[in-house]
Amino acid sequence: MILNKETAIKTAEVLLQIKAIKLEPQEPFTWASGWKSPIYCDNRIVLSYPLIRNFIRENFAKQVEEIYGKPDVIAAVATGAIGIGMLVAEYLSLPFVYVRPEAKSHGRKNQIEGNLEPGQTVVVIEDLISTGGSSLNAVKALRDSGANVKGMLAIFSYGFDIAKENIKNADLDVHTLSNYDYLIDTAQRTSYIKESEVELLKSWRKDPAKWIPES
Ligand SMILES: O=P(O)(O)OC[C@H]1O[C@H](OP(=O)(O)OP(=O)(O)O)[C@H](O)[C@@H]1O
Ligand SMILES: O=C(O)c1cc(=O)[nH]c(=O)[nH]1
């Protein structure tokens, strides 16, 4: 869910400005889910731009407080959200943990890194939601450890039905700064993408799991 339309447009604009959005219809990207895609949104690039990471950090912090008040802990989904999650925690003067995709096989064998006590309230920060698998895997680990997960904020979501269903089944409250619709509108308005690319992205978006690149 989008909380603030202006933030959604501005977030789409800055992602385009720093070229976080990559289009490679001829040589598709492979996503975490295994899906092939003509588009990749690399939100990790945000960290390289101080003004833009501050914008993301401040909007995340504002929305965390507006929606949930102050949680006990900010948690980030590794690795993509560790940097920005840490900035949000610092801005709000809150403790921070991050959640690995799985427990380490050596050392302390942790999946959650940092200090988290059972019963603590947690807001999760994620960089991007495609199917929602990675985010929900992290939320499960937090809940299994006894945390009270209040909800999750992500920079961007593609808004796929599968993600909506997964999130609903997990009974998780999710908000994003921007999403695919705002991104495509902004990319069209600023001529970041050509009309032919808009058509391709629209047809891909109808059934992304089954999309086959044109040869
Ligand atoms: O919603 P999903 O289908 O799970 O896909 C989104 C996930 O994919 C990316 O992580 P990736 O697995 O590429 O790892 P990284 O964060 O370590 O770069 C991204 O950071 C999300 O966590
Ligand atoms: O699904 C993914 O793996 C994924 C998609 C995307 O656009 N960006 C990203 O970082 N991961």
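Residues numbered from 1 in each chain as written. Chains lettered and ligands numbered in written order. Predicted model: local features only at pLDDT ≥ 70, side-chain atom pairs only at ≥ 80, totals over all residues. Heavy atoms only, no water.

A.B. asks: Whenever I open this one, the site of ligand 2 confuses me. Can you help?
C.D. replies: Taken together, Trp 31, Ala 32, Tyr 40, Cys 41, Arg 44, Leu 128, Ser 130 and Tyr 158 are the residues near ligand 2. Within the side chain of Ser 130, one N or O atom sits 2.7 Å away from an oxygen atom of ligand 2. A total of 290 Å² of accessible area belongs to ligand 2 in isolation, and the protein chains cover 92% of it. Along the lines of polarity and charge, the residues of the shell around ligand 2 split into six nonpolar, one polar and one charged. (Near = heavy atom within 4 Å. Polar contact = N/O pair within 3.5 Å; in protein donor to acceptor, adjacent residues only side chain to side chain. Areas by Shrake-Rupley, 256 points an atom, 1.4 Å probe, with all protein chains shown as cover. Nonpolar A, V, L, I, M, F, W, Y, C, P; charged D, E, K, R; others polar.)

A.B. asks: Sorry, what's going on with the packing of helix α1 (residues 5-17) against helix α2 (residues 50-68) here?
C.D. replies: The axes of two packed helices give the description: the angle between them and the distance between them. Two numbers describe how α1 lies on α2: the axes approach to 11 Å, and their chain directions differ by 155°. Put simply, α1 runs roughly antiparallel to α2. Pair α1 / α2 crosses with left-handed handedness. Contacts from Thr 7, Lys 10, Thr 11, Val 14 and Gln 17 in α1 reach Ile 52, Phe 55, Ile 56, Asn 59 and Gln 63 in α2. Of the residues contributing to the contact of α1 with α2, the split by class is four nonpolar, five polar and one charged. (Axes fitted to C-alpha atoms, helices over the stretch in contact; angles between N-to-C directions. Helix = DSSP H or I, 4+ residues; strand = E, 2+ residues; numbered from the N terminus. Parallel < 35°, antiparallel > 145°, perpendicular 65-115°, else oblique. Left-handed = near helix turned anticlockwise from the far one by under 90°. Contact = heavy atoms within 4.5 Å.)

A.B. asks: I tried to follow the UniProt feature "domain: Phosphoribosyltransferase" (unreviewed entry) in the chain on my own but got confused; where do I start?
C.D. replies: Sites flagged by UniProt as "domain: Phosphoribosyltransferase" (unreviewed entry) map to residues 55-148. A distance of 28 Å separates the end C-alpha atoms of residues 55-148, which is 38% helix and 22% strand. (UniProt positions renumbered as here; feature names shortened; annotations may be inferred.)

A.B. asks: Looking at this structure, I do not really get the site of ligand 1. What am I missing?
C.D. replies: In the vicinity of ligand 1 lie 14 residues, with Thr 79, Asp 127, Thr 131, Gly 132 and Ser 134 positioned nearest. Here an oxygen atom of ligand 1 sits 2.7 Å away from a polar atom, N or O, in the main chain of Gly 132. Take Ser 134: an N or O atom from its side chain is 2.5 Å from an oxygen atom of ligand 1. Here ligand 1 loses 79% of its free accessible area of 500 Å² to cover by the protein chains. Going through the elements one at a time, β8 (121-129) and α4 (133-144) are the ones with two or more residues in the shell around ligand 1. At four residues, β8 tops the list of elements feeding residues into the shell around ligand 1. Looking at the shell around ligand 1 residue by residue, the class counts come to four nonpolar, seven polar and three charged.

A.B. asks: Sorry, what's going on with the pairing of strand β5 (residues 73-77) here?
C.D. replies: Among the five residues in β5, five count as buried, and that is most of the element. Burial along β5 is two-sided: Val 73, Ala 75 and Val 77 and Ile 74 and Ala 76, pointing in opposite directions, are all buried. Here β5 pairs with β8 via four bridges, running parallel. Note that in β8 the partner of Val 73 across the bridge is Val 122. With four bridges connecting them, β5 and strand β6 (residues 96-99) associate as parallel partners. For Ala 76, the partnering residue across the bridge sits in β6 and is Tyr 98. A crossover connection joins β5 to the parallel β6 through helix α3 (residues 82-91); in handedness this β-α-β unit is right-handed. (Buried < 20%, exposed > 50% of the residue type's maximum accessible area, 1.4 Å probe, protein only. Pairing = 2+ DSSP bridges. Right-handed = clockwise from strand over helix to strand, strands pointing away.)

A.B. asks: Can you help me understand the sheet that holds strand β10 (residues 174-179) in this one?
C.D. replies: Overall, mixed pairing links the six strands, which are arranged β7-β6-β5-β8-β9-β10 in an open sheet. The sheet is open, and its two edges are formed by β7 (112-113) and β10, each paired on a single side. Contacting β5, β6, β7, β8 and β9 (148-157), α4 runs over the sheet at an angle of about 165° to β8.

A.B. asks: Explain the pattern of salt bridges to me, please; I cannot follow it from the model alone.
C.D. replies: A pair can form between side chains of opposite charge whenever their charged atoms are brought close. Evaluation of the coordinates by the stated rule reveals six salt bridges. Among the salt bridges present, the one from Glu 58 reaches Arg 57, with a minimum N-O distance of 3.2 Å. One salt bridge connects Arg 100 with Glu 113, and the closest N-O pair in it is separated by 2.9 Å. Here the residue Arg 100 occupies a position in the loop between β6 and β7, and Glu 113 occupies one in strand β7, the gap between them amounting to 13 residues. A relative accessible area of 17% means that Glu 113 is categorised as buried. (Salt bridge = Lys/Arg side-chain N within 4 Å of Asp/Glu carboxyl O.)

A.B. asks: What is the right way to read the UniProt feature "binding site: 5-phospho-alpha-D-ribose 1-diphosphate" (unreviewed entry) in the chain from this model?
C.D. replies: Following the UniProt record, the feature "binding site: 5-phospho-alpha-D-ribose 1-diphosphate" (unreviewed entry) maps to Arg 100, Lys 104, His 106, Glu 126, Asp 127, Leu 128, Ile 129, Ser 130, Thr 131, Gly 132, Gly 133 and Ser 134 here. The named residues occupy 35 residues along the chain; their greatest pairwise C-alpha distance, 29.7 Å, places them well apart from one another. Mapped onto the secondary structure, His 106 falls in the loop between β6 and β7. Relative accessible area serves as the criterion here: at 39%, Ser 134 is assigned to the partly exposed category.

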